[in-house]
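Topology and contacts: notes
Now for the letters of each chain:
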Amino acid sequence: MPLNSHPVSIEDDVEITQDEACTIRVTQSPGFLCHISAIVRIPISPKLLWEQCIAHPDNALIYRHMNRCSFRRVGLTDPNTGVRTVHIAHEANWRFLLFHGTFTTHLHVFEDPIHYSMKFKMVPRSGIVNKFQGEWKIDPNPQDPTGSSSVSYLEQDLALGVWMPPPLDK
């Protein structure tokens, strides 16, 4: 958790963390299904944030637990909407107690560079992650008339494909 943030509330299986630039809400369901909602205000223009953090082929370099993009193939672009399909494989780290390793997640990504949004969905495979899907959207910050900052919205579902024994399954 960042130094200036604090949990606002923890109710049953909901945790909300908030500071002046970020609000994150995590909802936990049985079976290790997590839903993550995040709103982040970032002092970068929407175009630059999209190009450098979201749609950049080497964006794995800026995410903490992601090692690399091991496969990336740009598919078709819809001529009417501009949405393009990208098939991606990311290698990431995992750690549990004294154990650690890497895993690969294969994704279908639908990038909309006109509206600075993308949807992603994991290609079904067996392994450590059972479900990984969501949507990311970037808007100009309405409180910044210069247009040099953004508001980023993330909605994401994540479920592990491994099951923990009791009492670790809570």
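This one's a predicted model, so the numbers in the text were calculated from it and none came from an experiment.

Ranked by size, the top nonpolar core spans 19 residues in total, and within it Trp-50, Ile-54, Val-109 and Met-118 carry the most contacts. If you list the elements that add at least two residues to this core, you get α1 (46-54), β6 (84-96), β7 (99-112), β8 (117-122) and β9 (129-140). If one sorts the elements of this core by residue count, α1 sits on top with 4 residues.

The predicted coordinates of low-pLDDT regions are not to be read in fine detail. Looking at the chain, the pLDDT average stands at 80 and 79% of residues meet or exceed 70. Taking the mean pLDDT of every element in the chain, the minimum, 43, falls on strand β1 (residues 6-11) and the maximum, 93, on β8.

With that out of the way, let us pick up a nonpolar patch on the surface. The grouping of Phe-96, Leu-97, Leu-98 and Phe-99 at the surface amounts to a nonpolar patch, some 500 Å² of accessible area in total. Relative accessible area serves as the criterion here: at 79%, Leu-98 is assigned to the exposed category.

Here we take up the environment of Glu-15. Mapped onto the secondary structure, Glu-15 falls in strand β2 (residues 14-18). Of the residues examined, Glu-15 reaches a relative accessible area of 33% and is grouped as partly exposed. Sequence spacing of Glu-15 and Gln-28 is 13 residues, and the spatial spacing of their C-alpha atoms is 8.6 Å.

Okay, α1 next. Every α-helix carries 3.6 residues per turn, so stepping three or four residues along brings you back to the same face. Looking only at α1, the buried set comprises Pro-46, Leu-49, Trp-50, Cys-53 and Ile-54. Each buried residue of α1 lies within a common arc of 110° when the element is viewed along its axis, so the set occupies one face. Among the structural elements, β4 (33-42), β7, β8, β9 and β10 (150-160) are those in contact with the buried residues of α1.

We now examine the side chain of Ser-152. The topology assignment puts Ser-152 in strand β10. Take Ser-152: its relative accessible area is 6%, and that puts it in the buried class. Side-chain polar atoms of Ser-152 contact the side chain of Trp-136, separated by 2.6 Å. Apart from the residues lying within four places of it in its own chain, the contact partners of Ser-152 are Ala-38, Ile-39, Val-40, Ile-42, Leu-49, Trp-136, Lys-137 and Ile-138.

Let us now look at the pattern of salt bridges. Taken as a whole, this structure holds 4 salt bridges when the rule is applied. Linking Lys-47 and Glu-51 is a salt bridge whose minimum nitrogen-to-oxygen distance equals 2.6 Å. Placement of both Lys-47 and Glu-51 in helix α1 is noted, with a separation of 4 residues, approximately one turn of the helix. Take Lys-47: its relative accessible area is 46%, and that puts it in the partly exposed class.

The next point concerns the packing of aromatic side chains. Evaluated as defined, the whole model comprises 2 aromatic pairs. Look at Trp-50 and Tyr-116: their rings are 6.1 Å apart centre to centre, the planes differ by 50°, and that puts the pair in the tilted class. Here Tyr-116 lies in the loop between β7 and β8 and Trp-50 lies in helix α1, a separation of 66 residues in the sequence. Considering the side-chain rings of Phe-120 and Phe-132, the 5.2 Å spacing of their centres and the 45° angle between planes classify their relative orientation as tilted. Placement of the pair is Phe-120 in strand β8 and Phe-132 in strand β9, with a sequence separation of 12 residues.

Along the chain, Glu-111 turns up in strand β7. What makes Glu-111 buried here is its relative accessible area of 3%. At 2.6 Å, the side chain of Glu-111 and the side chain of Arg-84 are in polar contact. Other than its neighbours up to four places away in sequence, Glu-111 contacts Trp-50, Ala-55, Arg-72, Gly-82, Val-83, Arg-84, Val-86, Ser-117 and Met-118.

Conventions we followed
Residues numbered from 1 in each chain as written. Predicted model: local features only at pLDDT ≥ 70, side-chain atom pairs only at ≥ 80, totals over all residues. Heavy atoms only, no water. Core = buried A, V, L, I, M, F, W, Y, C linked by side-chain atoms within 4.5 Å. Buried < 20%, exposed > 50% of the residue type's maximum accessible area, 1.4 Å probe, protein only. Helix = DSSP H or I, 4+ residues; strand = E, 2+ residues; numbered from the N terminus. pLDDT = per-residue confidence, 0-100. Patch = residues over 30% accessible without salt bridge, like charges linked within 9 Å, V, L, I, M, F, W, Y side chains within 5 Å. Areas by Shrake-Rupley, 256 points an atom, 1.4 Å probe, with all protein chains shown as cover. Salt bridge = Lys/Arg side-chain N within 4 Å of Asp/Glu carboxyl O. Arc of directions from axis to C-beta. Contact = heavy atoms within 4.5 Å. Polar contact = N/O pair within 3.5 Å; in protein donor to acceptor, adjacent residues only side chain to side chain. Phe/Tyr/Trp six-rings, centres within 6.5 Å; stacked < 30°, edge-to-face > 60°.

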